[in-house]
Each structure stands twice: as C-alpha cells, then as structure tokens.
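Structure at a glance
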Amino acid sequence: MAVTTLKVTDGDQGEWAVLRVSGEMDLMTSPTVRQRVHDVVADGRHSLVLDLSEVLFCDSSGVGVLIATRRLIRSCQGRLRLILPARGAEDGSHVNRVLSALGVRRLFDVYPDVGTALDEESRPLSA
C-alpha cells in the first residue's frame, strides 16, 4: 500500500501569503491544505497564492478544498491566485486538467508561476 504524502510550505511575498503544495491532494491530505488556508486567513492575510505546480494528483476532495478556499477568500474580499504551470503533460498540470474536466477552471485566476502571480501588471491565463 502506497503512503499518501502531502507537503505544504508557506512564505510571504509582500502582502501575499504563498502556500506551496506538493504531493497528492486527496481525501486523506486535503484537510491539511484546508487547515493551512484557514490559518492564513485567521492571521489576517486575505491575499493568497496557492502554488499547486508540484501536486501530482488531485481528487474531488482536493477540488472541494480549492472551491471552499475561493469562497472563504471572496467572503473576506481577498484575492486568490493558483499556480498551475503549462509544462509537463500535453494539457498542463494534473490539477489544471481536473479543474477543466469538472468545468470549474474558469472560477480561478491561474498563473504559470509565483513571480507572475505576484506581478500586479500580469493577467491570469485564460481558462
């Protein structure tokens, strides 16, 4: 039996809180991401970048966390940006493919990397 792993590291970039998620976002690990997001918001940080470029797998519970995060950030008039790079498989990252397949990709502001997401002049990638 494989061990499900998830790593969440955080850091601040000016007014933005950056959470870098790597591994698998599934039923066992998604609550960790949810808790880290809640911790960031509880600390008064309402501008959040979720770097999902190292997420290898995401199931419906992971998508649920992303949608709940969007709702939470919007409720406090914050900003949420996802990092879903186009590199890798022909359709980009696994998370990008899952969000697109479920028809919810358009709900998120997606950027190819953290630097671009933090640049106020840059625009999100089209859905």
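One can find the structure itself at the top, above this paragraph.
The sections below set out a description of the structure shown in this document. (Residues numbered from 1 in each chain as written. Predicted model: local features only at pLDDT ≥ 70, side-chain atom pairs only at ≥ 80, totals over all residues. Heavy atoms only, no water.)

Next up on the list: the nonpolar core. Most often, soluble globular proteins have nonpolar side chains that are buried together. Counting 28 residues, the largest nonpolar core has L48, L50, L52, L66, L82 and L99 as its most contacted members. Contributions of two or more residues to this core are made by β2 (16-25), α1 (30-42), β3 (47-58), α2 (60-75), β4 (79-83) and α3 (94-101). Looking at which element gives the most residues to this core, the answer is β3, with 5 residues. When near neighbours in sequence (up to four residues on either side) are disregarded, L82 contacts L50, L52, L66, L99, F108, D109, V110 and Y111. Formed by 7 residues, the second largest nonpolar core is a distinct cluster that contains V18, I83, Y111 and A117. (Core = buried A, V, L, I, M, F, W, Y, C linked by side-chain atoms within 4.5 Å. Buried < 20%, exposed > 50% of the residue type's maximum accessible area, 1.4 Å probe, protein only. Helix = DSSP H or I, 4+ residues; strand = E, 2+ residues; numbered from the N terminus. Contact = heavy atoms within 4.5 Å.)

What follows is about the side chain of S47. Along the chain, S47 falls in strand β3. According to the relative accessible area criterion, S47 is buried, its value standing at 9%. Separated by 3.3 Å, the side chains of S47 and R79 make a polar contact. Apart from the residues within four sequence positions on either side, S47 is in contact with E15, W16, A17 and R79. (Polar contact = N/O pair within 3.5 Å; in protein donor to acceptor, adjacent residues only side chain to side chain.)

By the criterion of burial, β2 is predominantly enclosed, with 7 of the 10 residues buried. Here β2 pairs with β3 via 8 bridges, running parallel. Each bridged residue has a counterpart across the sheet, and for V18 the counterpart in β3 is V49. Between β2 and its parallel partner β3, the chain crosses via α1, and the hand of that crossover is right-handed. (Pairing = 2+ DSSP bridges. Right-handed = clockwise from strand over helix to strand, strands pointing away.)

For the rest of this paragraph, the subject is α2. If you check α2, its first and last C-alpha atoms are 22 Å apart, about what 16 residues at 1.5 Å a residue would give, namely 22 Å. Along α2, the residues classified as buried are S61, G62, V63, V65, L66, A68, T69 and I73. Contact partners of the buried residues in α2: β2, α1, β3, β4 and α3. Positive phi appears at Q77, one or two residues downstream of α2, with a value of about 55°. (Expected span 1.5 Å × (residues − 1).)

To continue, consider the pattern of salt bridges. Within this structure, the stated rule accounts for 4 salt bridges. The residue D51 makes a salt bridge to R20 at a minimum N-O spacing of 3.9 Å. Taken together, the positions of D51 in strand β3 and R20 in strand β2 put the pair 31 residues apart, joining distant regions of the chain. A salt bridge links R81 to E120; the shortest N-O distance between them is 3.8 Å. Taken together, the positions of R81 in strand β4 and E120 in the segment after α4 (114-118) put the pair 39 residues apart, joining distant regions of the chain. (Salt bridge = Lys/Arg side-chain N within 4 Å of Asp/Glu carboxyl O.)

Shape descriptors only; they carry no functional weight alone.
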